[in-house]
Structure formats: C-alpha cells, structure tokens
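Residue-level listing of the chains:
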Amino acid sequence: MTVRLATYNVRGMKDSVPALTRVLGALRADLICVQEAPRLLGWQARREALAGSCGLRVVAGRRLGGVAVLAAPRVRLLHAESHVLRVFVGLEVRGLAIAVAEVEGARLAVGSTHLDLNAAARLHHVTEAMALLEAAAARFGAEPVLCGDFNERDHQPAWRYVASRLTDCYPVAPRGDGLTFPAGSPQARIDAIFTGPGLRVRDCGGALADPADLAAGSDHLPVVAEVESGAGLRGPVVNP
C-alpha cells in the first residue's frame, strides 16, 4: 500500500491563488500538511475553499499557529487535534495540527508544524510537538509522520532531534536537489517530511508542477513523499 504525503508553506495565500491551487492539485497527495494557512478574517472559509478547489478537505487545524492538514477523498479521518505550542513572549504563536487517518488500511498520525526563526524556541517546540505526535500515534496504533517548515537545515539541533526519532524522507530516496526556499531561486532545504519506522520511503522530492506556478504560488516549494506500508501498519517495514 502506497501513501502520498506532502508539506507546503502557502504563505497565507498572499501570492497567486490560482497558481497555488494548481500546485496543490499537482501534488496528487493523500495528505497535505500546510503551514501559514490563512488565520485572519474569514480564515476557516478560505482554508476550506482552497482545499475544495483541489478536491481536498480540511481535516485538522485551528486558527492559532497557522497549520492544517488537508486530505483526499479516499482518506478516512479517525481523529483530529490541534495544539498551541508554548508561547514565548515577543515571538509568533506556533502550533501543531494532527490528523490520525487511514488510507486503505494504512494508519498514520500526521502532524503539521511551523517552527520559529528563534533557535531556542525551535528546539523547545519540536520536542513538544514530537511528544504530542507520538502520544496520538500510540493511542491509535498509527505510524507517526511529522511535516513542516522547520526554518533550519539538517545539521541544526531541532532538525537533528526529529531525525533521531523519525526518518528524514529526502536523503533516503531523493528526487531532485531537495531545496525548498526561496521558491524563485531555492538555496536551502528547510521544509521536510519525517516518517516512522513502519513506513518505507519510495521517493521524496519536489512537486511535478509548472515552474511558473511554483514560483508564483508561494515563497516556499512543496515537498512530496511516497511511502509504503505493509498490511496496514501492523507489520513494520524497516527503512532501507
């Protein structure tokens, strides 16, 4: 069973919404973790309209934190929760949206997060987010998946913490250069998908979308990963 996952910072839909919509459609993902989802006036309707324009639905995420999870029709939602992570005075409010879902028997606990520009806050928030995600996964017998805009690179502490607990999909089965920011001329890989040990990574990289749409839709590029499970997730598949 193959599940297609994606993560995408949509910059509050401040860029070209038609281009953004086309990119989301081109992802062809079962579950899409979104960062900088709309969170001001009409935030809920705008999120739902964006998802609906691509044949998706919003299955997790509240206003604070600006994170959400979108799902395709074949995804069955089992549970959703949203958390505001520890608030640091003077810094932006950060959150975690979790959707526990089944895709043709494969059960995943998928979390979307957006870490801060402040290094100490990033490390605190990512440890908090991992604890919440692992708890949700354990309650439902699901495989944990953490996606997001991590605002740092793979040699830095918050990224390394997640990579010590989950698999960073891109290095396992890379497609393309993996760079995600800035969209017009990417220089850094700061967006990523991490998966639990019961999933085998088949492929991970950028979206097969029109380059003009990718540059116009957001200041980040999306990341897409195809992962494979065995019979549901009850028989773990060891990552290569």
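All values derive from a computational prediction rather than experimental measurement.

What am I meant to see in the overall build of the chain here?
A tally of helices and strands in the chain yields six helices and 13 strands. In terms of overall dimensions, the chain is globule-like: its C-alpha atoms have a radius of gyration of 16 Å, near the 18 Å expected for 240 residues. C-alpha atoms of the chain, sized along the principal axes, occupy 45 × 40 × 35 Å. Pairs at least 24 residues apart make up 72% of the contacts formed inside the chain by residues separated by at least 6 positions. On the chain, roughly 9,700 Å² of surface is accessible, and the fraction owed to carbon and sulfur atoms is 56%.

Looking at this structure, how should I read the environment of glycine 198?
Position of glycine 198 among the secondary structure elements: in the loop between strand 11 (191-195) and strand 12 (200-205). Exposure remark for glycine 198: the relative accessible area of 5% places this residue in the buried category. Spatially, the C-alpha atom of glycine 198 lies 16 Å from that of glycine 111, the residues being 87 residues apart in sequence.

Teacher, can you tell me more about the packing of aromatic side chains here?
Any aromatic ring pair is given by two values, namely how distant the centres are and how the planes are angled relative to each other. Going through the model one piece at a time under the given rule, you end up with three aromatic pairs. Pairing tryptophan 159 with phenylalanine 194 gives two aromatic rings, centres 5.6 Å apart and planes at 70°, and the pair type is edge-to-face. Of this pair, tryptophan 159 sits in helix 4 (residues 157-163) while phenylalanine 194 is found in strand 11, placing the two residues 35 residues apart along the sequence. Exposure remark for tryptophan 159: the relative accessible area of 1% places this residue in the buried category. Among the aromatic side chains, those forming a connected cluster through ring pairs are Phe150, Trp159 and Phe194.

Honestly, the sheet that holds strand 5 (residues 75-84) in this entry has me stumped. Any pointers?
Backbone hydrogen bonds are what pair the strands of a sheet, in a parallel or an antiparallel way. Across the sheet, six strands lie side by side as 5-6-7-8-11-9; this open sheet has mixed pairing. Each having just a single partner strand, strand 5 and strand 9 (167-168) make up the two edges of the open sheet. Where helix 3 (residues 119-140) meets the sheet, its contacts fall on strand 5, strand 6 (95-103), strand 7 (106-114) and strand 8 (143-149), and the angle it forms with strand 5 comes to roughly 145°.

I would appreciate a short explanation of the sheet that holds strand 12 in the present structure.
Strand order in the open sheet made by the seven strands is 3-4-2-1-13-12-10, with mixed pairing throughout. In the strand order of this sheet, the two ends are held by strand 3 (57-60) and strand 10 (174-175), each with one partner. Bridging between strand 10 and strand 12 involves two bridges; their strand directions are parallel. Bridge pairing in strand 12 links proline 174 to cysteine 204. Seen against the sheet, helix 1 (residues 17-27) touches strand 1 (2-9), strand 2 (31-35) and strand 13 (223-228) and runs at an angle of roughly 155° to strand 1.

Just to check I follow, could you spell out the layout of surface pockets for this structure?
If a probe as big as a water molecule is rolled over the atoms, it shows which places are left empty. In this structure, the largest pocket occupies an estimated 330 Å³ of space. Together, 17 residues line the largest pocket, and Lys14, Glu36, Arg39, Glu92 and His114 are the ones closest to its centre. Around the second largest pocket sit 16 residues that line it, and Asp177, Gly178, Leu179, Gly205 and Gly206 are the ones nearest its centre. When its residues are assigned to classes, the lining of the second largest pocket shows seven nonpolar, five polar and four charged.

Before we go on, may I ask you to explain the pairing of strand 1 in this structure?
Side-chain positions along a regular strand alternate between the two faces of the sheet. Burial analysis of strand 1 places seven of its eight residues in the buried class, the great majority of the element. As judged from the five bridges shared by strand 1 and strand 2, these two strands associate in the parallel manner. Note that in strand 2 the partner of asparagine 9 across the bridge is glutamine 35. In this fold, strand 1 hands off to helix 1, which returns the chain to strand 2; that crossover is right-handed.

Before we go on, may I ask you to explain the environment of lysine 14 in this structure?
One can find lysine 14 in the loop between strand 1 and helix 1. Residue classification places lysine 14 among the exposed residues on the basis of a relative accessible area of 63%. In this structure, the C-alpha to C-alpha distance between lysine 14 and aspartate 219, residues 205 residues apart in sequence, is 9.7 Å.

The rules we used
- All chains use their own residue numbering, which begins from 1 and follows the written sequence.
- Given that the model is predicted, a residue must reach a pLDDT of at least 70 before its local features are reported, and side-chain atom pairs must reach 80 or more before they are shown or counted; all residues, however, enter totals for whole chains, interfaces and linings.
- As a convention, hydrogens and water are excluded, and side-chain values are obtained from all of the structure's heavy atoms.
- Put simply, DSSP H or I for four residues or longer makes a helix, DSSP E for two residues or longer makes a strand, and each gets a number counted from the N terminus.
- Note that the radius of gyration is over C-alpha atoms, with the globule rule given as 2.2 Å times the number of residues to the power 0.38.
- Two residues qualify as a contact provided that any one of their heavy atoms is within 4.5 Å of a heavy atom in the partner residue.
- Areas reported as accessible are Shrake-Rupley estimates using a 1.4 Å probe. Residue values count occlusion only from the protein chains shown.
- Exposure classes here rest on a 1.4 Å probe applied to the protein chains alone. A residue is buried below 20% of its type maximum, exposed above 50%, and partly exposed in between.
- We call Phe, Tyr and Trp rings a pair once their centres come within 6.5 Å, taking the six-membered ring for Trp, and we label the pair stacked below 30 degrees between planes, edge-to-face above 60, and tilted otherwise.
- At least two DSSP bridges between two strands are needed for those strands to be called paired.
- Note on definitions: angles span 0 to 180 degrees between N-to-C directions of axes, and those axes are lines fitted to C-alpha atoms, for helices only across the stretch in contact.
- Points on a 1 Å grid, built from protein atoms alone, make a cavity when a 1.4 Å probe fits but cannot get out and make a pocket when they are open with protein on both sides within 12 Å along at least 5 of 7 lines; residues with an atom within 4 Å of a point are the lining residues.
- Grid points are joined across faces, edges and corners, and a volume is the space filled by probe spheres set on the points.
- For this scheme, ten residues count as nonpolar: Ala, Val, Leu, Ile, Met, Phe, Trp, Tyr, Cys and Pro. Four count as charged, namely Asp, Glu, Lys and Arg, and the remainder, Gly too, count as polar.
- Orient the strands so they point away from the viewer, and a crossover whose first-strand-to-second-strand path over the helix runs clockwise is right-handed.

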